[in-house]
Amino acid sequence: TVGHAAKKDWNAGMAAGTSPSICALAGGGYQGAFQRNTGGVWFVGWQERRDVYRHMAACDLAVFPASQSILWQQAISMGLPLIVGDSGGQDVTYLNGHDNIVILRGQEISSEGLARAIRDVTADGARLRRMRAGARQVSDELLDWNRLILRTTRFNEESAPASAVDSRWRASGR
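Residues numbered from 1 in each chain as written. Predicted model: local features only at pLDDT ≥ 70, side-chain atom pairs only at ≥ 80, totals over all residues. Heavy atoms only, no water.

Here's the deal with the sheet that holds strand β3 (residues 101-105)
Strands sit in the order β1-β2-β3 across an open sheet of 3 strands; the sheet is parallel. Whereas interior strands pair on both sides, the edge strands pair on one side only; in this sheet they are β1 (62-64) and β3. Sheet twist, expressed as the mean angle between neighbouring strand axes with direction ignored, is 15°. Bridge count for strand β2 (residues 82-86) against β3 is 5 bridges, and the pairing is parallel. Paired with Gly 85 across the strands is Leu 104, a residue of β3. Sheet strands touched by helix α5 (residues 111-122): β1, β2 and β3. Its angle to β3, the strand with the most contacts, is close to 160°. (Pairing = 2+ DSSP bridges. Helix = DSSP H or I, 4+ residues; strand = E, 2+ residues; numbered from the N terminus. Axes fitted to C-alpha atoms, helices over the stretch in contact; angles between N-to-C directions. Contact = heavy atoms within 4.5 Å.)

A word on the packing of aromatic side chains
Aromatic ring pairs: the centre-centre distance and the angle between the two ring planes describe each pair. Applying the stated criterion across every chain, the model contains 1 aromatic pair. Between Phe 64 and Trp 72 the ring centres are 6.4 Å apart and the planes differ by 50°, which places this aromatic pair in the tilted class. Here the two residues Phe 64 and Trp 72 agree in accessibility, since each one is buried. (Phe/Tyr/Trp six-rings, centres within 6.5 Å; stacked < 30°, edge-to-face > 60°. Buried < 20%, exposed > 50% of the residue type's maximum accessible area, 1.4 Å probe, protein only.)

Some points on the packing of helix α3 (residues 49-57) against helix α4 (residues 70-77)
In contact at an axis separation of 11 Å, α3 and α4 are set at 45° when each is read in the N-to-C sense. Taken together, the axis directions place α3 and α4 in an arrangement best described as oblique. The element α3 and its partner α4 pack so that their crossing is right-handed. Residue-level inspection shows Val 52, Tyr 53 and Met 56 of α3 in contact with α4, the latter providing Leu 71, Gln 74 and Ala 75. Tallied by class, residues from the contact of α3 with α4 come to 5 nonpolar, 1 polar and no charged. (Parallel < 35°, antiparallel > 145°, perpendicular 65-115°, else oblique. Left-handed = near helix turned anticlockwise from the far one by under 90°. Nonpolar A, V, L, I, M, F, W, Y, C, P; charged D, E, K, R; others polar.)

Printed below as a string of structure tokens:
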């Protein structure tokens, strides 16, 4: 297993400002297969919230084999391409507007499938760069707070009768 020695190497690399090409934040059932099938994957165990972002900032891509999480949007906002497992009931396509996500389904969501997807993406530097640029575009277009507010208020104004919007606006003292 990667274990304590690798964690020390990872942390030393983080302190020196260098990092492996890929990192994984938590172990689980995928750790053994990743170590056999993919180079550059480091398992650092469970992390506190602030450390999750520090580790994601050092990574080239983020891998989420299970259900959707707010971390998907946060990783995209950091310019990270994603590899995600979609076991149904969650549509990730709205976040994949610029081919910044590899979506695994069904039997593909396995240690071997995840390792293959990581190898495929990281072996092609041009693809990884395109996916990063796509993540930044999705972040700018869909996840920017100012745009979200404008879209929400525009939707509210279009959905509510004008008199209701006007009276709420006046009542708020704006």
